[in-house]
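# Summary of the model geometry
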Amino acid sequence: MYKVVMEQFERAADVMGLDPGVRTILAQTNNEIVVHFPVKLDDGSIAVFTGYRVQHNNALGPYKGGLRYHPTVDIDSARALAIWMTWKTSLAGLPYGGGKGGIEIDPKKYSQAELERITRRFTYALGDNIGPDLDIPAPDVNTNSQIMAWIADTFSSTKSPSTRFANLHVVTGKPLGAGGLEGRDRATGYGVVVTLKAWAERRNENLRGKRYIVQGFGNVGYWTAHFMAMEGATLVGVQDASGTVRDPEGIDPEALNTWVEQNDRSVAGFKGATTLDADGFFGIDCDIVVPAALGNQITARNAGRITAKVVAEGANGPTDTEGEAILRKNGVEIIPDILCNSGGVIGSYIEWLQNKRAEYWKIDEVLKMIHDKITTAFASVASTAVEFDTDWRTSAYIVALRRLEKAYKERGIFP
Ligand code: GLU
């Protein structure tokens with residue numbers, strides 16, 4: 001993933017003629033924190049876990065980005081994902097930089113009590129490297145509001161009581177009772193659909209009757225499907241690590257979600273669809289492909305099978321450089337991740353603002369704010385693509401990089 005994000009960056013920097021000094025700065029991450037910490041498991045044995053937090057850049061504000069719990073978490077992926085966050089927050093016009101991290105772990109192998117101890121001890125190990133005005137983690141793959149609540153509680157409990165309430169805001173994506181935001185749960189999926197609506201409008205179309213497939217049925221996949229159903233689109237295939245299901249007549253997202261909740265978070269075996277070989281997934285006949293799982297999924301191996309008109313990148317880095325070249329050659333449009341899935345971090349920003357102001361906002365206001373920020377970003381990506389006669393990913397980078405370049409030029413470099 002690091003290779004992919006750097007190739008994307010170099011390409012955009014070339015096309016726009018990015019200032020060489022700024023280019024050198026942005027090609028590096030600011031800080032890389034690796035922690036090893038012991039945790040007592042339920043059977044009394046002790047295991048040592050490895051956690052990461054990479055802080056890429058904070059020229060525009062505190063580092064911001066999720067924590068994922070997955071066996072693929074390592075320094076390379078944390079670096080790449082942190083860098084994508086810098087572009088994403090800049091493009092969305094937020095006062096944030098980019099960070100990312102997580103624990104190299106398969107959370108399915110641990111009990112809730114173990115996950116709580118692992119999370120609390122990880123938070124303790126990160127110490128003052130995170131903070132509500134320094135670096136603000138959030139949910140990502142396999143992490144959720146419960147995990148954010150444990151982080152907030154541990155972080156604030158290990159600081160002076162006089163700072164407890166400010167320190168609770170060290171993370172976003174908290175549960176509602178712990179200062180969370182109404183709508184933060186659905187923010188990413190909602191944003192994916194906002195970008196797809198904007199894409200359809202540019203073609204003088206809408207999403208009614210459009211057939212789409214989703215890879216990954218976690219938070220992003222499910223909420224995307226939920227909002228796509230409200231637009232009248234038809235879900236014709238879903239894939240996750242457990243299996244692939246399809247139904248040309250349409251899969252009910254709510255029924256599939258109930259199944260997943262009752263079956264170890266797996267789509268395999270869902271009764272409302274037929275099973276398909278994993279390799280057949282991207283070849284399913286449809287109009288829209290939504291990768292909403294892990295990185296490097298659309299590659300030279302399968303990109304040629306995609307017959308859809310557009311790939312909406314709900315995941316971070318789902319398309320590698322070779323896969324992208326094939327999509328471009330075949331005329332498949334891409335709504336790039338740093339635009340497509342930015343609803344999540346925009347929701348996080350609204351939660352952070354709400355916390356700073358000690359207010360509680362209503363879901364309708366929240367979704368409207370996300371909608372407005374994403375449509376603004378989409379419009380600048382589209383116009384910048386025309387200005388530079390380039391693709392949407394490159395133009396999204398250019399919009400993000402211009403803002404960073406301006407910040408560096410105006411402020412200068414200390415000392
Ligand atoms: N993990 C999400 C992302 O990749 C959200 C990050 C955040 O809210 O800080 O954009």
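The notes below deal with the structure included here. Bear in mind that the values here come from a model prediction, so they are computed numbers and not experimental data.

The subject of this paragraph is the overall build of the chain. When helices and strands are counted, the chain shows 14 helices and twelve strands. A compact globule built from 415 residues should have a C-alpha radius of gyration of about 22 Å, and the chain, at 21 Å, falls within 12% of that. By principal-axis analysis of the C-alpha atoms, the chain measures approximately 55 × 55 × 40 Å. Across the 415 residues that make up the chain, the buried fraction comes to 57%. Of the contacts formed within the chain by residues at least 6 apart in sequence, a portion of 69% connects residues at least 24 apart. Per element, the accessible surface of the chain, about 16,700 Å² overall, is 51% carbon and sulfur. Averaged over its 45 positive side-chain charges, the chain has a centre that lies 3 Å from the centre of its 50 negative ones.

Looking now at the pairing of strand E10 (residues 288–291). What you see with E10 is no split at all: Ile-288 and Val-290 on one side and Val-289 and Pro-291 on the other are buried throughout. Here four bridges tie strand E6 (residues 211–215) to E10, and the two strands are oriented parallel to one another. Considered in E10, the bridge of Val-214 is made with Val-290. The sheet contact formed by E10 and strand E11 (residues 310–312) spans two bridges and is parallel. In the strand pairing of E11, Val-289 is matched with Val-311.

Per the counting criterion, the structure on display carries 32 salt bridges. Salt-bridge contacts for Asp-133 lead to Lys-356; the nearest nitrogen and oxygen are separated by 2.9 Å. Linking Asp-133 in the loop between helix H4 (112–126) and strand E5 (135–139) with Lys-356 in helix H12 (residues 343–356), this pair joins segments that are 223 residues apart in sequence. A salt bridge links Glu-324 to Arg-328; its shortest N-O distance comes to 3.1 Å. On the criterion of helical spacing, the pair formed by Glu-324 and Arg-328 is a turn pair, its members being four residues apart in helix H10 (residues 321–329). Given the relative accessible area of 38%, Arg-328 is considered partly exposed. Three or more residues joined by partner-sharing salt bridges are found here, namely Glu-313, Glu-324, Arg-328, Asp-337 and Arg-393.

Our focus in this paragraph is the sheet that holds strand E1 (residues 31–40). The five strands lie next to each other as E1-E2-E4-E3-E5, forming an open sheet whose pairing is mixed. Only two strands of the sheet have a single partner each, and these edge strands are E1 and E5. Sheet twist, expressed as the mean angle between neighbouring strand axes with direction ignored, is 25°. Running over the sheet, helix H3 (residues 75–91) touches E1, strand E2 (46–57), strand E3 (63–70) and strand E4 (98–104) and is turned about 35° from E2.

One can find Gln-354 in helix H12. Its relative accessible area of 1% is what places Gln-354 among the buried residues. With residues up to four places along the chain from it excluded, the contact list for Gln-354 reads Gly-179, Gly-180, Leu-181, Glu-359, Tyr-360 and Trp-361.

Let's shift gears to the site of the ligand. In the vicinity of the ligand, 14 residues are found, and the nearest of them are Lys-64, Lys-88, Lys-100, Asp-140 and Ser-348. Contacts to the ligand include Asp-140, whose side-chain N or O atom sits 2.7 Å from a nitrogen atom. Protein contact buries 94% of the 290 Å² of open area that the ligand shows by itself. Elements that contribute at least two residues to the shell around the ligand include exactly E3, H3, E5 and H12. Residues of the shell around the ligand, tallied by class, amount to four nonpolar, five polar and five charged.

This paragraph deals with the sheet that holds strand E7 (residues 234–240). Ordered in space as E9-E8-E7-E6-E10-E11-E12, the seven strands form an open sheet in which the pairing is mixed. The sheet is open, and its two edges are formed by strand E9 (274–276) and strand E12 (333–335), each paired on a single side. Strand-to-strand, the axes of this sheet are offset by a mean angle of 20°, without reference to chain direction. Relative to E9, strand E8 (residues 243–246) runs antiparallel, the two sharing three bridges. Looking at the pairing, Val-245 lines up with Thr-275 of E9.

What counts, and where the lines are drawn
Residues take numbers from 1 onward in each chain, read along the sequence in its written order. Given that the model is predicted, a residue must reach a pLDDT of at least 70 before its local features are reported, and side-chain atom pairs must reach 80 or more before they are shown or counted; all residues, however, enter totals for whole chains, interfaces and linings. The side-chain values count all of the structure's non-hydrogen atoms but skip hydrogen atoms and water molecules. Note on conventions: DSSP H or I runs of at least 4 residues are helices, E runs of at least 2 residues are strands, and numbering of each starts at the N terminus. Each radius of gyration is computed over the set of C-alpha atoms, and the globule rule expresses the reference value as 2.2 Å times the number of residues to the power 0.38. Residue burial is assigned from relative accessible area. The probe radius is 1.4 Å, only protein chains are included, and a residue is buried under 20% of its type maximum, exposed over 50%, and partly exposed in between. In what follows, a contact means two residues having at least one pair of non-hydrogen atoms within 4.5 Å. Per-residue and other accessible areas follow the Shrake-Rupley method at a 1.4 Å probe size, with only the shown protein chains counted as cover for residues. When charges are counted, Lys and Arg contribute as positive and Asp and Glu as negative, whereas His and the chain ends are disregarded. The atoms used to mark charge sites are NZ of Lys, CZ of Arg, CG of Asp and CD of Glu. Strands qualify as paired when DSSP identifies two bridges or more between them. The salt bridge definition used is simple: a Lys or Arg side-chain nitrogen within 4 Å of an Asp or Glu carboxyl oxygen. Only the stretch in contact is used when fitting a helix axis, every axis being a line fitted to C-alpha atoms; angles between N-to-C directions are given from 0 to 180 degrees. Whether a residue is near a molecule or strand is decided by its heavy atoms; if any one of them lies within 4 Å of it, the residue is near. Polar contact criterion, stated in full: a pair of N or O atoms within 3.5 Å, where within protein one must be able to donate a hydrogen and the other to accept it, and residues adjacent in sequence count only if both atoms are side-chain atoms. Put simply, Ala, Val, Leu, Ile, Met, Phe, Trp, Tyr, Cys and Pro go in the nonpolar bin, Asp, Glu, Lys and Arg in the charged bin, and everything else, Gly too, in the polar bin.

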